[in-house]
Each structure stands twice: as structure tokens, then as C-alpha cells.
Amino acid sequence: MGFDIDQRKVDHLMAGESYIGHIPSSWNRRVHRLEAIRADGRHETACRGRCHLDLRPHAAERKPRTPDLSYIENTARHIAAALRPGQLIVLESTTYPGTTRDVVLPILEASGLKAGKDFFLAYSPEREDPGNPNFTASAIPKVVGGIEPQSSELAQMLYAHAVVRVVPVSSCEVAEACKILENTYRSVNIAMVNELKVLFDRIGLDVWEVIEAAKTKPFGFQAFYPGPGLGGHCIPIDPFYLSWVARKHGLITRFIELAGEINTSMPLYVINRVTEALNDAGKPIRGSKICILGIAYKKDVDDPRESPSFELIELLMDRGAVLSYNDPHVPKLPKMRHHRTLELNSRPLEPDFLASQDCVLISTDHTAYDYELIVKHSRLVVDTRNATKGVKVGREKIRKA
């Protein structure tokens, strides 16, 4: 049974449709026919289950980068209002170590029931790589930590029915810290290659070729790739939970802060490269027609959350560019919390349209794009993803960023 305050999502699920691009509607229809799924907009209906998995979104306010736990707290209050003896509650939202015990537990115990005796509470971080066909949710090991031993045992038994392997840890705090470590690891390493991208460009080296050479080493190296900035609901946000916890304890997480500084500077670096490329063609950025390819934060998904494309759009607008975009997965530019609302629809990548643009900026390297066609008909292509590496004809039009 699924619950969501967004009735649109409930209606889609109950009609056997998917509202998430990388999950096919055929899967929804199959489980719908089996009556294996039910969605509702009423929380009291969802609370009838014996087990509750809380997958509420998490967020950190950009300034001053403090956790926003309102979704988690509100959901915990809804569950507490209908909590019954014998129920298991599992929080999956990415958050800082201590949230389950210090925030969720007191709200649930305000019902008069006691954890470990009347109900059970655990934490198990969600792990997903949208658009990756090799790792579905069931194929990814699940880390589980309970508020006490029996809660941990029950949560392990629950997930064992659904995933390839359950990884028990000693506490919910360890499980919470595990997810933050995973995301911080990626953030720091992406920042490193982004910084090296700027350095290598200055000395005339292609960072992508350097990475391809380095990854031939069979040990001691894992390839991370640069881009126009960080996107998605995890990597740009989650590490700052640890920064916030560190500040509370009088410490400074210098790697996290530096990685954040480097990664958030990438959109401006890209715009400077666009400006240089247009200048070489004898054009100012003001008044130039620029089409951004890709609004989703990563290839082959329809998720625009925290996508650096929105930062690129605003920087280009501030400089007077005439903007358009294309994304086969995002047909209309969505409203975003931290960015201006624009009424733009995805433009078809027809030869005449491409030829009319002063610059085509590749922000997201969707597989659906025909890069040979794009380069052939465009005047100038600025590539932030090395998406045009296989293009043979017209390479003089391509600039890396």
C-alpha cells in the first residue's frame, strides 16, 4: 500500500501507469493486475499495514545549508496518530546520523507506545541509480540498523523478501551515516575531477582522455567524471548534513565544504567557456541564440531536481542570451524551488532549428541524442559531458567545457 499527498501520483498508480520515466508502465500494469499494489491519498488507509517504510523526501536549505526535516516530522506525526502495537516503522529518507533516534522516535513514542516493546523502529537508506538497467532496487544490498536488536531483526526479515542481500549494522546511526558516506565519497571525487578539468584545459590536456587512460589500471583507481555541476536530490545536498552535524560539535568538514565550493562553481566555468567560444566566432553572448540540450540532472532519466541546467539557464539569461532547450524526457520546463519560472517547451532538434542557433550547449548526455546530426547542423557545440567523443565530422565546431 502506498500513500502520497500528491493525488496525481495516486491516480497514475491506480490506473496502472508510471509517472517515473525509468520505470515502465508495463511493470505497474502487471502488479496492478495481480492486485499487488494499492495507492491512496488518505494516510489513515496506509497506516493499516503492519510495516511502514517512510520514503519522504529530504532537503537541506541552501542557506545556511541546514537540514529541513519537515516532511519526515509530519509523516512521523501521521503515523503516530494511527500507531498500533506490533507495527514496524522504517525510515529510508537520507538524513544525518541521529535523526531516527532523536527526531522520529520521540514523535512516535508521544503516542504512548514504547519502541522495542509495543512497536519497532529501524533505518535503512534507499539506494538507487535511476536509469541504470544493471542495478534495480532488488539487486542492490540493503543496509539495515534498528533502534534496538529486535527492531533490527524484524527489519532484516522484511527486506530479505525483496532484495538480494541484507546488510545488518549495529545501530540506526551507522545505517544513517553509511548513506551520507556514500554520497560524500561521490561529491568529493567529482569535485576533484572538476578541478582537474579546469587545470588540464589551461595546460592543453583533455581531462576525458586522461581519465580513460587512468581507468585502465586494474586496481587503486575508480573513474569519476566532470560535468557542468552536480544534480539530483542526493549528491548536491546530502554531504552538507554532515557539515551541519560537524558544526554542532565544533568541527569543520573541510573536504565537504571545498567539494561543494568547486562543484557549485562549475556552471559559471561552463558559461565562461561558452562566452569564449562565441567570442572566437565574433559574437557577443548578449543576443546570441543558445539551445541547452538536457534539463534532467543525468542521462536517460526525467528527474530535473537540482539539475545544473537551471543554473546555466539563469546565468545565460542574466547575460542576455536568447534561450531554448531540448530534452526528450522533460517536455516542459518545470517549476523549481530555487530558480525562476520560465514558460519553455522542449524544441525538436530539426536541422533548420539547429542551424539557426549560435550555440548548442550539451548539459545532459541523453542516449537518445544523435550527436552526429547535432554537430553536423550546428554552428558551434559546447560539450560538458564528452558526449561528442564519437563524432568524426565537424569536430572543429566542438568545444569542451
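Each remark here, short or long, concerns the structure printed above.
Residues numbered from 1 in each chain as written. Predicted model: local features only at pLDDT ≥ 70, side-chain atom pairs only at ≥ 80, totals over all residues. Heavy atoms only, no water.

Draft legend 1. Layout of the packing of aromatic side chains. Under the definition given, this model contains 5 aromatic pairs. For the pair Tyr-96 and Trp-244, a centre-to-centre distance of 4.8 Å together with 55 degrees between the ring planes defines the contact as tilted. One end of the pair, Tyr-96, is in the loop between strand 6 (88-91) and helix 5 (99-109); the other, Trp-244, is in helix 9 (residues 239-248), with 148 residues separating them in the sequence. Overall, the relative accessible area of 19% leaves Trp-244 in the buried class. On the basis of an interplanar angle of 10 degrees and a centroid distance of 5.8 Å, the ring pair of Trp-208 and Tyr-225 is categorised as stacked. On the criterion of sequence distance, the pair formed by Trp-208 in helix 8 (residues 207-214) and Tyr-225 in the loop between helix 8 and helix 9 is long-range, its members being 17 residues apart. In this structure an aromatic cluster arises from ring pairing among Tyr-96, Tyr-241 and Trp-244. In this arrangement the basic side chain of Lys-142 is found over the ring face of Tyr-159, its NZ or CZ atom lying 4.6 Å from the centre. (Phe/Tyr/Trp six-rings, centres within 6.5 Å; stacked < 30°, edge-to-face > 60°. Helix = DSSP H or I, 4+ residues; strand = E, 2+ residues; numbered from the N terminus. Buried < 20%, exposed > 50% of the residue type's maximum accessible area, 1.4 Å probe, protein only. Lys NZ or Arg CZ within 6 Å of the ring centre and 35° of its normal.)

Draft legend 2. Region of the structure containing the sheet that holds strand 10 (residues 289-293). Pairing in this open sheet of 5 strands is parallel, and the strands run 11-10-12-13-14 from one edge to the other. The open sheet has two free edges, formed respectively by strand 11 (322-326) and strand 14 (398-400), since each of these has just one partner strand. This sheet shows a mean twist of 20 degrees between the axes of neighbouring strands, independent of strand direction. Taken together, the 3 bridges between strand 12 (residues 359-362) and strand 13 (residues 381-383) define a ladder with parallel strand orientation. Among the inter-strand pairings, Val-360 is bridged to a residue of strand 13, identified as Val-381. In this fold helix 11 (residues 308-318) packs onto strand 10, strand 11 and strand 12, with an angle of close to 175 degrees to the strand it touches most, strand 10. (Pairing = 2+ DSSP bridges. Axes fitted to C-alpha atoms, helices over the stretch in contact; angles between N-to-C directions. Contact = heavy atoms within 4.5 Å.)

Draft legend 3. Region of interest: the pairing of strand 12. Covered by surrounding structure in strand 12 are Cys-359 and Leu-361 together with Val-360 and Ile-362, the residues of both alternating faces. Two strands pair when backbone bridges link them, and strand 10 and strand 12 are joined in this way by 4 bridges, in the parallel orientation. In the sheet register, Leu-293 faces strand 12, and the bridge partner there is Ile-362. Each parallel crossover has a hand, and the one from strand 12 via helix 13 (residues 371-377) to strand 13 is right-handed. (Right-handed = clockwise from strand over helix to strand, strands pointing away.)

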